[in-house]
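Understanding the architecture of this molecule
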Amino acid sequence: MILKEGRIVAFVLLFGSFVLYYMFTKMIQQGKAFKIRTLAALEALPEAVGRCAEMGKPIFYMPGIGSSLSLSSGAYILAGITILGRLAGFAAKAGVKLRLFTVTIDAMPLIQETIKNAYAIEGKVEEYSDDNIELIANQSSLVSRYLGAVQRESPAAACLIGYLAYESVVLSEAGNIVGAMQISGTVNLYQIPFLVASTDYTLIMEELFAAAAAVSGDAGAVGPIAAEDVIKFASLGIMILGMVLAPLGITFLVDLLGL
């Protein structure tokens, strides 16, 4: 058999997902609008920048660790950089210094161009400086450098958005100590409890991609989000209906899920 036992329904759902991705992407390209729900963390970006402007302090950004070319972390880092573009625009408009710390060397050109474009859109490209973007050797060095910068510069706000690992709790607690308003986001399930407890706003799991799609407005990003929601609701409906019918002796849906 081409498909192993227990994989038929999974294959059908996977194939259906690709079809829906294509359909929704085409619909958006043709002018159909799909609204992504309001995300508190995304809406808090102007507030964070405003707080920095009022206090005359910088805002820190850390787009996660790993490689933008990696299958395990690349998509999350790129999503974080997309959100960075929105934040950089707010920072440029308000005249707030944006400091970024990263270990992702392959993403440096993209990070620099993203921030520079945001400043250019606001007509303040002359205020952009590569000196505010620090490329750090490794994860442990990143922690030490970020902690030191927080203690010396006391940022009024900080964003930790991307693929985060053990450093997330250390960096977020450093921000807490100096009273920074903090916005975080990651898909790393093990780090989410720490971020929810120690930051003001958190993008949880796929909310990171939804926020990036909302910022970019790109059909290739919004289409999959819309398709994913359809798949989720359909799967949830099938499971609930199967749970209701199974006690009545109607096990068709339960048996179907086992195929």
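A brief structural summary.

Conventions we followed
- Throughout, a residue's number is its position along its own chain's written sequence, starting from 1.
- Only residues with pLDDT of 70 or above have their local features reported here, since the model is predicted, and side-chain atom pairs are shown and tallied only from 80 upward, although totals for entire chains, interfaces and linings are computed over all residues.
- Side-chain figures throughout are based on the complete set of non-hydrogen atoms in the structure, without hydrogens or water.
- By the criteria applied, helices consist of DSSP H or I runs no shorter than four residues and strands consist of E runs no shorter than two, each listed in order from the N terminus.
- Note on exposure labels: buried denotes an accessible area under 20% of the residue type's maximum, exposed denotes more than 50%, and partly exposed covers the range between, all computed with a 1.4 Å probe on protein chains only.
- Any two residues having at least one pair of non-hydrogen atoms within 4.5 Å are treated as being in contact.
- For two strands to pair, DSSP has to find at least two bridges joining them.
- Here, the term right-handed applies to a crossover whose path from the first strand over the helix to the second runs clockwise when the strands point away from the viewer.
- Comment: arc refers to directions from the helix axis out to C-beta atoms.
- Axes here mean lines fitted to C-alpha atoms, for a helix over just the part in contact, with angles spanning 0 to 180 degrees between N-to-C directions.
- The scheme is simple: roughly parallel for angles under 35 degrees, roughly antiparallel for over 145, roughly perpendicular for 65 to 115, oblique for anything else.
- When residue character is reported, Ala, Val, Leu, Ile, Met, Phe, Trp, Tyr, Cys and Pro are called nonpolar, Asp, Glu, Lys and Arg charged, and the others, Gly included, polar.

1. With respect to the overall build of the protein chain
For the protein chain, the helix and strand inventory stands at 11 helices and six strands. The buried share of the protein chain, taken over its 259 residues, is 43%. Partitioning the intrachain contacts of the protein chain with sequence separation of at least 6 by distance along the chain shows that 70% fall at a separation of at least 24.

2. Examining the pairing of strand S4 (residues 157-163)
For a regular strand, side-chain orientation follows a simple rule: the groups alternate between the two sheet faces. With six of its seven residues buried, S4 lies for the most part within the structure. Relative to S4, strand S1 (residues 59-64) runs parallel, the two being bridged by five bridges. Its bridge partner lying in S4, Met-62 is registered against Leu-160. Considered for its hand, the β-α-β crossover made up of S4, helix H7 (residues 167-177) and strand S5 (residues 181-186) is right-handed.

3. Some details on H7
Turning to H7, its buried residues number three or more, namely Glu-167, Ser-168, Leu-171, Ser-172, Ala-174 and Gly-175. For H7, the angular spread of buried residues about the axis comes to 150°, placing them on one side. Tucked inside the fold, the buried residues of H7 contact S1, helix H6 (139-153), S4, S5 and helix H8 (192-198).

4. Focus on the packing of H6 against H7
Following both chains from N to C, one finds H6 and H7 inclined at 5°, their axes separated by 9 Å at the closest point. On the basis of the axis angle, H6 is roughly parallel to H7. Here Gln-139, Val-143, Tyr-146, Leu-147, Val-150 and Gln-151 of H6 lie close against H7, whose contacting residues are Glu-167, Val-170, Leu-171, Ala-174, Gly-175 and Ile-177. Residue composition of the contact of H6 with H7, grouped by class: eight nonpolar, three polar and one charged.

5. Quick look at the environment of Thr-114
Examined against the element boundaries, Thr-114 turns out to sit in helix H5 (residues 108-121). Overall, the relative accessible area of 16% leaves Thr-114 in the buried class. Considering only alpha carbons, one finds Thr-114 and Gly-85, 29 residues apart in sequence, at a separation of 5.5 Å. Setting aside anything within four residues of it in sequence, one finds Thr-114 in contact with Ile-81 and Gly-85.

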